[in-house]
Structures are given as C-alpha cells and as structure tokens.
Amino acid sequence: MNDSSNASPKSDPDLRPGKLATKRWRIVAVALILLVVGGLIFSDFVFGAKLLLYKESGGDSVNETYPILIHLSDYIRAHGLPSWSFSVGMGQSIYYLIGDLILEPVVWLPRHLIAPSLVYLHLAKTLIVGLLFWAFLRFRGVCLPASIAGALGLAFSADMSMGACWVTSADETLCFTFALFAAELAIVSGRWSLLPIAVALSGMVTVFHLYLCAVLLCAYVPARLIERGGWKSGTVWSLSWRLAIYAVLGVGIGAVVFFGSAYVLLNTPRGSAIVGKFAFGAQSHVFELGTPLYYVTAVLRQFAADIAGTGDAYIGWRNYYEGPLSYCTLAAFLFLPQAFVGATRRQRILYGSFLCLIAIPVVFPWFRSLFWLFRGDYFRTFSLFTIFVLLVLSTTAFSRYADSGTLNLWVLAVTLLGLLMLLHLPIPQIQQIVNNRLKWPVTVFLLVYALLLVIGQRAKRENIATWAIVALSAIELVWFDRITVNGPTLLKSELSQRIGYNDLTVDVIKDIKSSDAGFCRITKTWGSSLSNHPSFNDAMVFGYYSTPSYSSFNNINYINFLVTVGAIGPENVATDSQWSLGLMWQSVLLAFACEKYAITFETKLFDQAKQYELIHQYGNIHVYRNTTFVPFGLVFDQYIPSYVFLGMSESMKSEALLRAVVLDETNVARNNELSPLSMDELESRINHVPLEDVIARDRSTALQIESFDETRIAGKVQLESTSILVFQMPFDRGWHAFTNGQPAPVIKVDAGLTGVILKRGQHDLELKYRQPFLVSGALISLISLLAFAVAARKWPNVPIIAPS
C-alpha cells in the first residue's frame, strides 16, 4: 500500500525542490483552476454591479475595513508612514495598521480606486493561498488531483470566503499557509530561508498573530518530523529547536513593526487587562459545557458556512463571523476517517492527537478561551487551524485512494450514514436552524461523492473517480461560496451617487475646512455608511476630527476618560470600548473637547440648545456652530485630586474639566506649585460664575497654535504662574514636548488625557509624536537582517530526516 504521507520528495521527481519549479505547466494549470473557480464565485463582483463591501453581519467591511483603507490611503500621501491620527476617536496611534501597507496594497491607490479593487485583491489572495497549499501538499507527498482538491478546499473555505468581508481572515489564511509551506520546505529539503519571512509576514496581520503562528508551528513541526522519521526524540528536538531559532529570526526582522504595534495593542482594552471580559468573557471553569445551540451550530457549519443562515439572517450561536466555521468541502469529511485506514501506528497516534486538539476546545469552550489567552471565546483562527487539520488528513486519504485504491467501504458507509443522520434526524434543535435550501444539496453532494468513490474502486478506475471528485468539489465550492459572498453589498453605481460616503457630508467638510483652518472637532449625528448597522468611523473617510470610534483597538486612555466622565457606563464597557460613541450628546464635554461644528438632520434638538447657532444648510443637512467652543490646549493653574473628581456627579465633572486640571496622587506630588481646588470652592464657582465667563477665560489663556499636523503641534502661550497645559487628546508616551527648545514633562491628566507642565513665562511650545520603540525595533530589525543574510549564506540548509 502506498502511504502518501511517507512519500519523499526524492522518490518523486516532481516533488524535488529543484524540480518543482520546472513543472510550470502544473503550476499554471492549478493557478487557472483557482482563477476559474474564484471568477465563478465572484462573478457578480468582477463582471457585475457589486462591490466587495458588505452591509450586513456587523457591516465590518463598510464600517471598519473600508474607512481604515481610505484613511491609510490619505494618510500615507499626506504624512508618510502610519503614526498618530486625530481622525480616530479623540486621537491615537495607528501604527498597528502598518502591516496593511503590505497585506492590503490597495491603500497605495488613490481613494476612489480602492472599492473597485477589493475583489481583485481578494482573488489574488485566494490564488496565492491555493498555490501555497498545493505546493505544501505536494511536498507532503500528496498526489496531484488530491493536492488540487486540498488547494481548492482551503482557498475557498468558509474562513477564506469570510475574508472577503473581514480581511483579517483572508490575511491570516495567507500568512499561516505560507508558514506551513515554509516549514514543510525546510523539513523535506533543508531549505529554511522562507521560514523567517513567513513568520515576519504573519506578524503583519497583528502582532498577536505571532503568538498564533507560534502555536501552529509548535504543533506542526515536531509532529511532522515524527511522522517522517519516527520517535527519534533527540533528532526531533534538535531540528525543532534549529527551526525555532530561524523562526525567531523572523520576529527580529519584523521588530521595527512589531515593537511599535505591540505598544499600541497593549494600550487598548483588548490588549490590556484593565477592561474585564472584553468582547466575550471566558468560561467560568475548565469543563463547563456550552449550550445546545452552540453544539448544533458547531456540527452544522461543518457542512456549509450558511447552513444556519447568512449575514443578519444567521440564527446560530454567537454571530455569523465568530461562530464555528470549518467548512472546506464535504469530501473532506468523507475522507477524514479514511486517513486512519492503512496508516501506520505512528501516524494514527499523530492523526488522533491532532483531532483531539481541535475537538477538545469545541467540546469544552474554556480551552478555546485558553487558545485566545482569555481575550475571547470565539472561533475565527481556531476554525482555520481546524481546516488545516481536516484538509491535511483528508487529502492524505484521498491521495492513497488515487494511488492504490485504498478505501474501507464499511468506514465510508458509517461516515456517510452518520453525516446524513446529523442533517436529517428530527431533532428540534437541529431542524429549527438548518437551512432547508442547503440541506438537500448537501445530501446530494455527499451521496454522489460516496458513489464516485465506490464505483472508482470497484471498476478499478480510481484515477477517473479522483478527477471527477475534484471537479465535483469545485462545483460544490462555487455553489456554496456564492451564497456566502453574495450577501447585501454596496453597488458600483452607488459610488457616483450622492449617498453613503459620497453624500453631502463631502461638501460640508470641504466648506468648513476652507473657512476655518484651525483645529476643531466636528460632531456628525448620523453615519453615512449604507450598512445595516451604524457607523462610527466617518471621520476617517471624510477627513475631519471627532470623538466616536469603532475599533477593536481603541486607545485605553481614550476609553478610561470616557468611562470616568460617564460617557460610557460601567455596565457597557466591554461593548462600548469597541463601538464608542465618544462624547456624542454630552454638550459641556463636547465644548471641552473642542467641538466647534455639528452637522445633523435633527434640527429640533439643536435649535432648542442655546449654545448652537445655525450657519448653513445643505439640503436636509443642517450645520451648527457651537458658541461654547474652547481651543485645543487649555491652561490651568489649579488642580482637582483624582479621588475627589471620581466622587463627583457626571454634570459636575463636565463643569470641573473647564475650570481645573485633574491629577492623580503621583502627579500631585510632582506639581506642588499648583494650588488645589476644593469641592466647596468648585461648587461655588459653578453656581456663581457663568459658563460663558469660564469659556472666555479658557479661550484667552489657551495655546495660540501656529502650526498643526497629525504628529507635530507648535504654538505660543504666556503663563502668569506654573501651570499645566491640557491637550484634549488621549495620553500616549509617544508625545514629547519642548518649550523654548528644552524638553518639558508630559503627564497623564483628566483620567486619560495629555498634559504638559510649564513654568511661568513665555513659551514657544512644540509637541512631537514619535512612535514608542521605533528606534529599538529598527535596530533589532537591522541586526536580524544581517544575521539572516549571514546565516542564509553560511548555513543555507538544515539537516533533514529521511522518511522511515
């Protein structure tokens, strides 16, 4: 019996690293197959009227992905590499997005070309994923048709198809497939040079993906070495460590990106431990079980991504994207048990171990929370790792069938019967959520696959049956994936209409900027996104400054400030730290935060508010000026201790921020030249000093800004005594202040904002932002690149284990 998993590249001329590239016709053929299947799935986007921007399922591509791509496109042209941006919330570093300059090259295009280009970018990713996984399987000894089936299964898996909307899924699939290919290349040929590059690229998705890449490689590499060479612990340990060192070299190569990105992500609610149960909380104990809906969804979505509904019509566990999602062709499930047929004892142990690794976190959700380091309990990347296991095992079995007709009919019959029972048994929990329009096509596909396998074996025509299964898999993927990708999207024609992100807001912002060149924030009371869900990132698309933000990585000091002043309730922190309204509808706080204009449809509310005056009208859009606007950079020579501030009512906190700076105990000790403002005195001033007088005083003493850029602010200020200059933006250690050419201390004030300590006198102030750890990261990257060049030249190969 031919065991494809034990096949050596040296035993097959087509699989030798030096020969694989010469078989260009096969590479071209596989590429054409992938492009044809991808073209059929995305035909409505390539040839039709649709854009790859989805309105449903959270609207992430319209509400988050697209604004980010537009903002990056504008930012790199105006300011260079991603750094600080005032268009995100109340301002924050966007350095963690620097990987998008590589993974999402559409950001280098002008903004008007980005939306139409997204489908071609995704098709390019599917092509690369498919080719890499095909080559990976070929190096594993999988025959040509089985490797093509595996390539199709991954390139158009549910996880990859979801990447059309949530680009992170597509990016991580590409990077982790590259990592597997690089690891397999090193194992079978000794050539390790691609491994550091693959690891570095994986970290470009987010720095957290370095950890996920490590999990993948730590599971695969030792197991693969054992599979090839047996239980030679010394050799396996030695080669694993050597490859691990080369992988770590990839972390060093990308350090210039990873260090700064890690700083940004660790200073977010998701990356820090400050906000408990971010997004979704962990299970209370190790062996706690999930709900019946959870297990039903986990089973059914192996058959098709949309078997429990599509988009907003999804009725399974959690939500459409973060629920179980391991579909990668139905043939994979029929072949999966066959992987144990004819396998050696060693292989059965390894295969069983991997199946346990993917089954236990499904049965006991606590282990999946552990997989995510207790930052969530969703599936996502875990589903991708499950797909890897399913496809590797199933293509191994498929290859044995193609080469020698290995097929256990009893196992096939039991597998088929079990799958059909899962679909059709009259269990209410299953039948209530299963999509009947998909249930019967799934049934037919399973029966035809089984029939082809049996006929091929009985007629000794396994080769014909194999190619027929590959063709049927392509038909199945086109059928099912078209359902996944053809949800409600924006249309190409809508880009030229005055709707969505091209509505009259474009004219409003343009006119405001032409008439008012100073720093100010604008409140927009509706989202222009055409998504079925509200958008919070309009400022990134239209190019203005505001306070809302929808991001998984909002600045922690921004969130702390909003929580402290009552803009986010303590019971909603986990949700509102992602979907943040900022200071919306907080009139006094908006004045403090430099709101100068409001654009709205809701005229009644603003007409009744005395601080707003109507200045212009664009159709049904009304533009108001906030007469209580205060400038960016307020001067205070009195402080309120933070413990006193925390005990105030929300309305008093808003008033207090316009009258004094809030300091914690550490900064109180450092600023003993400032006088404290007691609660009694504050209440007296609030009751007896009109807000208009307070605002007039703040305006007269504020920083006179002479130049303003995203990463550099310059101006003058005259102080009668030692004071703190408060900038209404989140604190970040990347900001450095200089007064009259000398460094000035930058501290955290007002429960999360930025303050600069200044002495009495005239100050020429300059505030600069430099991404923390950029220099140290660049130095390590340079050293790592030199080490990589030396190692690749001196030790181009690692020892390989001969198959046994």
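Above: the structure in question.
Here is a short report on the structure shown in this document. It should be emphasised that the depicted structure is a prediction, and the values quoted were computed from it without experimental measurement.

Quick notes on the rules
Residues numbered from 1 in each chain as written. Predicted model: local features only at pLDDT ≥ 70, side-chain atom pairs only at ≥ 80, totals over all residues. Heavy atoms only, no water. Helix = DSSP H or I, 4+ residues; strand = E, 2+ residues; numbered from the N terminus. Rg over C-alpha atoms; globule rule 2.2 N^0.38 Å. Buried < 20%, exposed > 50% of the residue type's maximum accessible area, 1.4 Å probe, protein only. Contact = heavy atoms within 4.5 Å. Areas by Shrake-Rupley, 256 points an atom, 1.4 Å probe, with all protein chains shown as cover. Lys, Arg positive; Asp, Glu negative; His and termini not counted. Charge placed at Lys NZ, Arg CZ, Asp CG, Glu CD. Pairing = 2+ DSSP bridges. Axes fitted to C-alpha atoms, helices over the stretch in contact; angles between N-to-C directions. Salt bridge = Lys/Arg side-chain N within 4 Å of Asp/Glu carboxyl O. Polar contact = N/O pair within 3.5 Å; in protein donor to acceptor, adjacent residues only side chain to side chain. Phe/Tyr/Trp six-rings, centres within 6.5 Å; stacked < 30°, edge-to-face > 60°. Lys NZ or Arg CZ within 6 Å of the ring centre and 35° of its normal. Patch = residues over 30% accessible without salt bridge, like charges linked within 9 Å, V, L, I, M, F, W, Y side chains within 5 Å. Arc of directions from axis to C-beta.

### Let's talk about the overall build of the protein
And step 1. When helices and strands are tallied, the protein shows 34 helices and 22 strands.
And step 2. A compact globule built from 804 residues should have a C-alpha radius of gyration of about 28 Å, and the protein, at 30 Å, falls within 12% of that.
And step 3. Seen along its three principal axes, the alpha-carbon backbone of the protein occupies a region of about 95 × 60 × 50 Å.
And step 4. Counting all 804 residues of the protein, 60% fall into the buried class.
And step 5. Look at the contacts in the protein between residues 6 or more apart in sequence, and 75% of them connect residues 24 or more apart.
And step 6. If you sum the accessible surface of the protein, you get close to 31000 Å²; carbon and sulfur atoms cover 64% of it.
And step 7. Placing the 61 positive and 56 negative side-chain charges of the protein at their respective mean positions leaves the two points 14 Å apart.

### Focus: the sheet that holds strand β21 (residues 753-758)
And step 1. Taken together, 4 strands build an open sheet; the order of strands is β11-β17-β21-β20 and the sheet is antiparallel. Where the open sheet ends on each side, the last strands, each with one partner, are β11 (634-636) and β20 (746-749). Recorded for the sheet is a direction-independent mean angle of 35 degrees between the axes of neighbouring strands.
And step 2. In this sheet, β21 lies alongside strand β17 (residues 723-730) in antiparallel orientation, the contact comprising 6 bridges. Pairing of isoleucine 724 across the sheet is with isoleucine 757, part of β21.

### Some words on the pattern of salt bridges
And step 1. Here the structure, examined in full by the defined rule, presents 21 salt bridges.
And step 2. Across the pair lysine 125 and aspartate 171 runs a salt bridge whose closest N-O atoms are separated by 2.6 Å. Residue lysine 125 is found in helix α6 (residues 111-139), and its partner aspartate 171 is found in helix α9 (residues 167-189); the two are separated by 46 residues along the sequence.
And step 3. Between lysine 759 and glutamate 673 there is a salt bridge, with its nearest N and O atoms 2.7 Å apart. You can see lysine 759 sitting in the loop between β21 and β22 (761-769) and its partner glutamate 673 sitting in the loop between α31 (665-670) and β14 (675-676), a full 86 residues away along the chain.
And step 4. For lysine 759, a relative accessible area of 47% gives the class partly exposed.
And step 5. A cluster of three or more residues bridged by salt bridges with shared partners is formed by Arg140, Glu184, Arg224 and Glu227.

### Here's the deal with the side chain of asparagine 667
And step 1. Along the polypeptide, asparagine 667 turns up in helix α31.
And step 2. Asparagine 667 sits in the buried class, given a relative accessible area of 6%.
And step 3. Engagement of the side chain of asparagine 667 in a polar contact is seen with the backbone oxygen of lysine 748, the distance being 3.1 Å.
And step 4. Every residue in contact with asparagine 667, bar those within four places of it in the chain, is listed here: Ile747 and Lys748.

### So, the packing of aromatic side chains
And step 1. With the rule as written, the count across this model stands at 61 aromatic pairs.
And step 2. An angle of 50 degrees between the planes, with centres 4.9 Å apart, marks the rings of phenylalanine 519 and phenylalanine 708 as tilted. Placement of the pair is phenylalanine 519 in the loop between α23 (505-515) and β5 (521-524) and phenylalanine 708 in strand β15 (residues 704-708), with a sequence separation of 189 residues.
And step 3. Measuring from centroid to centroid gives 5.3 Å for phenylalanine 606 and tyrosine 624, while their planes differ by 25 degrees, and the two rings are stacked. Of the two residues, phenylalanine 606 is situated in helix α28 (residues 603-608) and tyrosine 624 in strand β10 (residues 621-626); the sequence distance between them amounts to 18 residues.
And step 4. Residue class for tyrosine 624 comes out buried when judged on its relative accessible area of 1%.
And step 5. Directly above the aromatic system of tryptophan 372 lies the positively charged group of arginine 380, at a separation of 5.8 Å from the ring centroid.
And step 6. We note lysine 596 situated over the ring of phenylalanine 629; from NZ or CZ to the ring centre the distance is 5.0 Å.

### Notes on unusual backbone geometry
And step 1. One non-glycine residue with positive phi stands out, namely arginine 318, at about 60 degrees.
And step 2. Locating arginine 318 in the fold gives a position in the loop between α14 (292-300) and α15 (331-335).
And step 3. On the accessibility criterion, arginine 318 (30% relative accessible area) is partly exposed.

### Comments concerning the sheet that holds β15
And step 1. The 5 strands lie next to each other as β15-β16-β22-β18-β19, forming an open sheet whose pairing is antiparallel. With one partner strand each, in any of the chains shown, β15 and β19 (742-744) form the two edges of the open sheet. On average, each strand axis in the sheet is tilted by 30 degrees relative to the strand beside it, whichever way the strands run.
And step 2. Examined bridge by bridge, β15 and strand β16 (residues 712-719) share 4 bridges and lie antiparallel to one another. The partner of phenylalanine 708 across the bridge, within β16, is isoleucine 713.

### Describing a nonpolar patch on the surface
And step 1. A cluster of nonpolar side chains, namely Leu417, Met421, Leu425 and Ile427, defines an oily patch on the protein surface of about 320 Å² accessible area.
And step 2. Topologically, methionine 421 is positioned in helix α19 (residues 409-424).

### Comments concerning the pairing of strand β8 (residues 595-600)
And step 1. Burial of β8 is extensive: 6 of the 6 residues sit out of reach of the surface.
And step 2. For β5 and β8, the ladder comprises 4 bridges, and the chain directions are parallel. By the bridge assignment, arginine 521 is partnered in β8 with glutamate 595.
And step 3. Note: β8 against β10, 4 bridges, orientation antiparallel. Bridging from a neighbouring strand, isoleucine 599 pairs with valine 623 of β10.

### Side note on helix α33 (residues 691-701)
And step 1. What α33 keeps buried is the set Val694, Ile695 and Asp698. Buried residues along α33 cover an arc of 95 degrees about the axis, so they all sit on one side.
And step 2. Among the structural elements, β11 are those in contact with the buried residues of α33.

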